[in-house]
Amino acid sequence: MLPGSSPQPYPTPPSVLELTVDRPYYHNGDLKANVSWIIPEEAFHDESDDIEIIVHWSPEACIADTAADSGLTKVMSSATQENFLILTDLRFDCRYQIRVEPINGRGISGVASNTTLSIPSCNHVHVVGKAKPDCPNTATRLPAEPRRLQYTFLISNSNITARLTWEAPDVEMLLTGYRVIWGLLLQSHGSKMDKGSSLTKVLPKESKSINIGGLMEATTYVAQVQALSRLVPGRIASIQFTTPLLQASRLDPPYHELEASHNDLDRKQENSRKKQEIAAVFATNVFTSTFGSRPDVLLRNAADKQTSKLFTRNLASNFPGCLCLVIFLWVIVDSLLQ
């Protein structure tokens, strides 16, 4: 190192590559799964560098009565210098979060890699060896489907929410909750749900309803409600619904259409006002040229007998010509202001 230069920091070990979790299996009384990875060559800064891999796994969601089983919140860890590890003490019907973190010999941690693992039910697990798990007989204890599944729509400020309600199966003693799945209907597959758009939520057994928000208008959805037990999931109740078309968005014209209609109305009112002003001027001029005086002057002099006679005589002699002139001028004004 040159004099006056600062020491170079040791590099952070890179994340593992190709993190893979194999199919879980039951072996010698324990539920297990193999997780493997590849350690990049650049992780070894020099020959004295030893890379240790720390693996953490914990249940993220389980079909079980979590209030009665605190073990579901347990986080398990193990360290190895190999490129694999066997996860143990797993539980049926759980989804696990797995985190793999590299640490070099100087205690510097790299960026962790994450994946998930889903464990099937006891009756569907892969068995290695002769020993089989002691699964309960679920033929007579499988929860029935929820009853009277129905929906209503709640619409507020153009937001569409579907409220699903149901009743518990006939036998509730084994229930631990409900799983609700909803998604778009695949139009080409009858009542099949589009798995790519589906969402899932697990509710406690006391819940008998759920609000599903953020729905699109005039769209068909499929919703499924399944009763859960500590042993296995129950039968599924399914329902389809089509969201309404929001009429307000169809009846109210866009802003630019409203603006154009208002401008047309203002222009028509302005043309009408101009017509009235021009017609009044023409009428006054025609009246004055015909009767020798403006209308307001004639009205003030209406009491004068001589003026009244002059008005009557002029009206009788020039009325046809005046009328034609007024009509002709009005047609011209109207055509100019179209």
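Conventions and cut-offs
- Residues numbered from 1 in each chain as written.
- Predicted model: local features only at pLDDT ≥ 70, side-chain atom pairs only at ≥ 80, totals over all residues.
- Heavy atoms only, no water.
- Helix = DSSP H or I, 4+ residues; strand = E, 2+ residues; numbered from the N terminus.
- Contact = heavy atoms within 4.5 Å.
- Phe/Tyr/Trp six-rings, centres within 6.5 Å; stacked < 30°, edge-to-face > 60°.
- Buried < 20%, exposed > 50% of the residue type's maximum accessible area, 1.4 Å probe, protein only.
- Pairing = 2+ DSSP bridges.
- Axes fitted to C-alpha atoms, helices over the stretch in contact; angles between N-to-C directions.

Visitor: Help me understand the environment of leucine 17, please; the structure alone is not making it clear to me.
Guide: Here leucine 17 lies in strand 1 (residues 17-21). Considered as a pair, leucine 17 and isoleucine 38 are 21 residues apart in the sequence and their alpha carbons are 4.9 Å apart. Setting aside residues no more than four positions away along its own chain, leucine 17 makes contact with Trp37, Ile38 and Pro40.

Visitor: What exactly am I supposed to notice about the packing of aromatic side chains here?
Guide: Any two aromatic rings considered together are summarised by their centre-to-centre distance and by the angle between their planes. Within the structure shown, the criterion is met by five aromatic pairs. Here tyrosine 221 and phenylalanine 241 contribute two aromatic rings whose centre-to-centre distance is 5.8 Å and whose plane-to-plane angle is 20°, an arrangement assigned as stacked. Taken together, the positions of tyrosine 221 in strand 15 (residues 220-229) and phenylalanine 241 in strand 16 (residues 233-242) put the pair 20 residues apart, joining distant regions of the chain. The pair tyrosine 221 / phenylalanine 241 is uniform in exposure class, with both members buried. Through pairs of rings, three or more aromatic residues link up here, namely Tyr151, Phe153, Tyr221 and Phe241.

Visitor: I would appreciate a short explanation of the sheet that holds strand 13 (residues 199-204) in the present structure.
Guide: Through backbone hydrogen bonds, the strands of a sheet pair up, either in parallel or in antiparallel fashion. The antiparallel open sheet is built from four strands, whose spatial order is 13-12-15-16. In the strand order of this sheet, the two ends are held by strand 13 and strand 16, each with one partner. Along the sheet, successive strands turn relative to each other by an average axial angle of 20°, direction set aside. Pairing geometry for strand 12 (residues 175-184) and strand 13, over six bridges, is antiparallel. Note that in strand 13 the partner of isoleucine 181 across the bridge is threonine 200.

Visitor: Quick question: what am I supposed to make of unusual backbone geometry here?
Guide: With glycine set apart, most residues show a phi of negative sign, and most peptide bonds adopt trans. The backbone of serine 158 shows a phi angle near 70°, a positive value even though the residue is not glycine. With respect to the secondary-structure elements, serine 158 resides in the loop between strand 10 (147-156) and strand 11 (159-167). On the basis of relative accessibility, which here comes to 57%, the residue serine 158 falls in the exposed class. One non-glycine residue, alanine 218, lies in the positive phi region at around 50°.

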